[in-house]
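# Observations on the three-dimensional arrangement
Take a look at the letters that make up each chain.
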Amino acid sequence: MQWTALIADDEPIARQLLLTYSGQVPALRIVAQAGSGSETVLQCIEHKPDLIFLDVQMPELDGFEALQALWPHHQPHVI
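A short tour of the structure in this document, coming up. In this text the structure is predicted, and so the values were computed from the model without any measurement.

## A look at the sheet that holds strand 3 (residues 51-54)
- Spatially, the 4 strands line up as an open sheet ordered 2-1-3-4, and their pairing is parallel. Strands at the two margins of the open sheet, each flanked by one partner only, are strand 2 (28-34) and strand 4 (77-78).
- With 4 bridges connecting them, strand 1 (residues 3-8) and strand 3 associate as parallel partners. Bridging across to strand 3, L6 finds its partner in I52.

## Quick look at the packing of helix 2 (residues 37-47) against helix 3 (residues 63-70)
- Between helix 2 and helix 3, the shortest axis-to-axis distance is 9 Å and the interhelical angle comes to 35°. As for how helix 2 packs across helix 3, the hand of that crossing is right-handed. Counting all contacts with helix 2, which are made through G37, V41, C44 and I45, the residues of helix 3 involved are A66, A69 and L70.
- The residue inventory of the contact of helix 2 with helix 3, partitioned by class, reads 6 nonpolar, 1 polar and no charged.

Conventions and cut-offs
Within any chain, residue numbers begin from 1 and follow the written order of that chain's sequence. Local features in a predicted model are, by the rule used here, given only for residues with pLDDT of at least 70; side-chain atom pairs are given and counted only at 80 or more, and totals for whole chains, interfaces and linings are based on all residues. As a rule here, side-chain values come from all non-hydrogen atoms in the structure, and water together with hydrogens is ignored. DSSP-based pairing: two strands are paired if at least 2 bridges between them are found. A run of H or I in DSSP becomes a helix once it reaches four residues, and a run of E becomes a strand once it reaches two; helices and strands are each numbered from the N terminus. Orientation is described by axes fitted as lines to C-alpha atoms, over the contacting stretch for helices, and by angles from 0 to 180 degrees between their N-to-C directions. Should the near helix be turned counterclockwise from the far one by less than a right angle, the crossing is left-handed, whereas a clockwise turn marks it as right-handed. The contact rule is simple, with two residues in contact once any of their heavy atoms fall within 4.5 Å. Under this grouping Gly is polar, as are all residues other than the nonpolar Ala, Val, Leu, Ile, Met, Phe, Trp, Tyr, Cys and Pro and the charged Asp, Glu, Lys and Arg.

Put into structure tokens, the structure is as follows:
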């Protein structure tokens, strides 16, 4: 089984680190990245990932607000 994932973090270095680590997991494919809460919502609606690596403190919407906005449309697993 292959899992799709989105990396949501406002720090580019953190996104790159997660991208690097996730590359070591053959069953995981990163489908998108987001640097803000609102971008996270849009990317999730578009790509419908199975999993989100979600930062809590982000601009525009924090991680919890992003989940609240996303929940009616898509309910991925969240780390």
